[in-house]
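Here is how the chains run, residue by residue.
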Amino acid sequence: MESCRKPCFKAFPCDRGCVISRLPSGTNRNDRPQGGCQDQRRRTIVQVTVRDNNVDQALRALKKKLQREGVYREMKLRRHFEKPSEKKKRERAEAVRRARKLARKRAQREGND
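What you see is a predicted model, and the numbers here were worked out from it, not measured in a lab.

Trainee: Mind showing me how you'd approach unusual backbone geometry here?
Mentor: The bulk of non-glycine residues show a negative phi, and the bulk of peptide bonds are trans. At D52, a position not held by glycine, the phi torsion is positive, near 55 degrees. Relative to the elements of secondary structure, D52 occurs in the segment before α1 (55–69). Its identity is not glycine, yet N53 carries a phi of approximately 55 degrees, on the positive side. Within the secondary structure layout, N53 lies in the segment before α1. Its relative accessible area of 74% is what places N53 among the exposed residues.

Okay, structure coming up:
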């Protein structure tokens, strides 16, 4: 079995051997979270270097990177619970919007050529 890079502490390991989370006392082992390994989730580290003690510039760069990564959008979506049916509906609508936008851009490119 392949194990994660992070050392595991004594709790409930996932299938790969890393720890999912500690359970509150009095809970059954079979009631553990079913989210899977934490390393399987998408994790990106955003780093910004501060040059010449210019914190304002570094803060602007950080905000821009977070915006590109979609962190603000995800925070907004996670403020309230979204039912799975609502999530599917929203994702379908986003896909339709993307497809229309792509078709519009293609038509514009073909029309200008």
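The discussion continues.
Trainee: What should I look at first to understand α1 in this one?
Mentor: Every α-helical turn comprises 3.6 residues, leaving residues that sit three or four positions apart pointing alike. Across its 15 residues, α1 extends 21 Å between first and last C-alpha, which sits within 8% of the 21 Å expected from 1.5 Å per residue. Looking one or two places after α1, you find G70, whose phi comes out positive at around 85 degrees.

Trainee: Looking at this model, I keep getting lost on the layout of surface pockets. Mind explaining?
Mentor: In this structure, the largest pocket encloses a volume near 320 Å³. Surrounding the largest pocket, G70, R73, E74, L77, R78, F81, E82, P84, K87, R90 and E91 form its lining. Those elements that provide at least two residues to the lining of the largest pocket are α2 (71–77) and α3 (84–112). Sort the elements by how many residues they give to the lining of the largest pocket and α3 lands first, with four residues.

Thresholds applied
Residues numbered from 1 in each chain as written. Predicted model: local features only at pLDDT ≥ 70, side-chain atom pairs only at ≥ 80, totals over all residues. Heavy atoms only, no water. Helix = DSSP H or I, 4+ residues; strand = E, 2+ residues; numbered from the N terminus. Buried < 20%, exposed > 50% of the residue type's maximum accessible area, 1.4 Å probe, protein only. Expected span 1.5 Å × (residues − 1). 1 Å grid on protein atoms, 1.4 Å probe; cavity = no way out; pocket = protein on both sides within 12 Å on 5 of 7 lines; lining within 4 Å. Points joined across faces, edges and corners; volume = space filled by probe spheres on them.

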